[in-house]
Amino acid sequence: MKLAEFNSADPARAATVLKPCLDVWRWVDAISAARPFPSRRALLAFAAEAAEPFTAAEVEAAMAHHPRIGERPAAGTAEASMSRSEQSAVNTTDAEMAQALAQGNRDYEEKFGRVFLIRAAGRTAPEILDALTERLAHSPAEEDTIVAQQLREIAVLRLEGVIGE
Ligand code: 2AL
């Protein structure tokens with residue numbers, strides 16, 4: 001959708017564009033209400049700060065839409081297609097790498113009680129495994145901050161992908 005169309009869309013239509021980027025209503029509503037944006041850059045800058053900070057419940061709800069790294073969702077939803085494209089550089093045909101990621105995911109879930117989340121776009125499997133290994137050493141509070149940042153990064157990249165000039 002072009003920015004001009006997004007700027008003048010009714011709130012329900014704006015929400016159908018925003019929600020697959022990040023399933024946090026406070027974020028969706030804040031961006032929708034701040035329209036019109038003079039440029040894509042202004043929109044993305046606003047989205048990077050909107051609804052800061054997320055509550056724990058918001059993070060938890062938004063996380064539910066992110067499959068594990070290495071698990072490409074087959075669903076036909078906008079979110080599933082975005083996730084597949086974000087993970088396109090994550091090559092899991094290397095069985096050893098796939099196994100290491102799967103084990104890392106399990107260790108992370110056991111320690112933190114949620115799926116390991118990272119902005120996957122532009123990252124390869126070894127880079128993600130390194131980050132996963134490093135983040136496993138964090139405290140829950142440190143991970144809370146990182147996860148909220150990663151959700152935001154993913155959301156802004158998604159928005160960049162769906163709103164054209
Ligand atoms: C994802 C995802 O679906 N897209 C992305 O950038 N990262 N999943 C994840 N568990 O980190």
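Refer to the structure printed above.
Residues numbered from 1 in each chain as written. Predicted model: local features only at pLDDT ≥ 70, side-chain atom pairs only at ≥ 80, totals over all residues. Heavy atoms only, no water.

### Regarding the environment of Gln 87
Relative to the helices and strands, Gln 87 resides in the loop between α6 (78-86) and α7 (95-112). Relative accessible area serves as the criterion here: at 2%, Gln 87 is assigned to the buried category. Note: C-alpha distance between Gln 87 and Gly 70 (17 residues apart in sequence) is 7.6 Å. Not counting residues up to four positions away in its chain, the partners in contact with Gln 87 are Pro 67, Arg 68, Ile 69, Gly 70, Glu 71, Arg 72 and Ala 120. (Helix = DSSP H or I, 4+ residues; strand = E, 2+ residues; numbered from the N terminus. Buried < 20%, exposed > 50% of the residue type's maximum accessible area, 1.4 Å probe, protein only. Contact = heavy atoms within 4.5 Å.)

### Here we look at the site of the ligand
The environment of the ligand is formed by 13 residues, the closest being Pro 67, Ser 83, Glu 86, Ile 118 and Ala 120. Measuring from a nitrogen atom of the ligand, one finds a backbone N or O atom of Phe 116 at 2.9 Å. Contact with the protein chains removes 100% of the 290 Å² of surface that the ligand exposes when unbound. Across the shell around the ligand, the residue classes tally to eight nonpolar, two polar and three charged. (Near = heavy atom within 4 Å. Polar contact = N/O pair within 3.5 Å; in protein donor to acceptor, adjacent residues only side chain to side chain. Areas by Shrake-Rupley, 256 points an atom, 1.4 Å probe, with all protein chains shown as cover. Nonpolar A, V, L, I, M, F, W, Y, C, P; charged D, E, K, R; others polar.)

### Let's talk about α6
Residues of α6 that are buried include every one of Glu 79, Ala 80, Met 82, Ser 83 and Glu 86, and no others. One side of α6 carries all its buried residues, which in axial view fall inside an arc of 160 degrees. Close packing links the buried residues of α6 with α9 (140-162). (Arc of directions from axis to C-beta.)

### Details of the layout of surface pockets
As a volume, the largest pocket reaches approximately 300 Å³. What lines the largest pocket is a set of 14 residues, and nearest its centre among them are Phe 54, Thr 55, Val 59, Asp 144 and Ala 148. For the lining of the largest pocket, the secondary structure elements donating two or more residues are α5 (56-63) and α9. Among the elements that line the lining of the largest pocket, the one with the most residues is α9, at five residues. Tallied by class, residues from the lining of the largest pocket come to six nonpolar, three polar and five charged. (1 Å grid on protein atoms, 1.4 Å probe; cavity = no way out; pocket = protein on both sides within 12 Å on 5 of 7 lines; lining within 4 Å. Points joined across faces, edges and corners; volume = space filled by probe spheres on them.)

### Brief notes about α7
Compared with the 26 Å implied by 1.5 Å per residue over 18 residues, the 25 Å span of α7 between its first and last C-alpha is a close match. Looking only at α7, the buried set comprises Met 97, Leu 101, Gly 104, Asn 105, Tyr 108 and Phe 112. Relative to the axis of α7, the buried residues are bounded by an arc of 105 degrees and lie together on one face. Projecting away from the buried face of α7 at angles above 90 degrees are the exposed residues Ala 95, Glu 96, Gln 99 and Glu 110. Contacts from the buried residues of α7 go to α8 (125-135) and α9. Among the residues of α7, the N-terminal cap falls to Asp 94, whose side-chain oxygen and the backbone nitrogen of Glu 96 are separated by 3.0 Å. Once α7 ends, the next one or two residues include Gly 113, with phi positive near 75 degrees. (Expected span 1.5 Å × (residues − 1).)

### Some points on the packing of aromatic side chains
Aromatic ring pairs: the centre-centre distance and the angle between the two ring planes describe each pair. This model, assessed by the stated rule, comprises three aromatic pairs. Three or more aromatic residues joined by ring pairs form one cluster here, namely Tyr 108, Phe 112 and Phe 116. Above the ring of Phe 6, the side-chain terminus of Arg 35 is found at 5.5 Å from the ring centroid. (Phe/Tyr/Trp six-rings, centres within 6.5 Å; stacked < 30°, edge-to-face > 60°. Lys NZ or Arg CZ within 6 Å of the ring centre and 35° of its normal.)

### Notes on the nonpolar core
Within the largest apolar cluster, 47 residues are counted, with the highest numbers of intra-cluster contacts made by Phe 6, Trp 27, Ile 31, Leu 101 and Leu 159. Mapped by element, the contributors of at least two residues to this core are α1 (3-8), α2 (11-18), α3 (25-34), α4 (40-49), α5, α7, α8 and α9. With seven residues, the single largest contributor to this core is α9. For Leu 159, the residues in contact, after removing those within four places along its chain, are Leu 18, Cys 21, Trp 27, Leu 43, Leu 44 and Ala 47. (Core = buried A, V, L, I, M, F, W, Y, C linked by side-chain atoms within 4.5 Å.)

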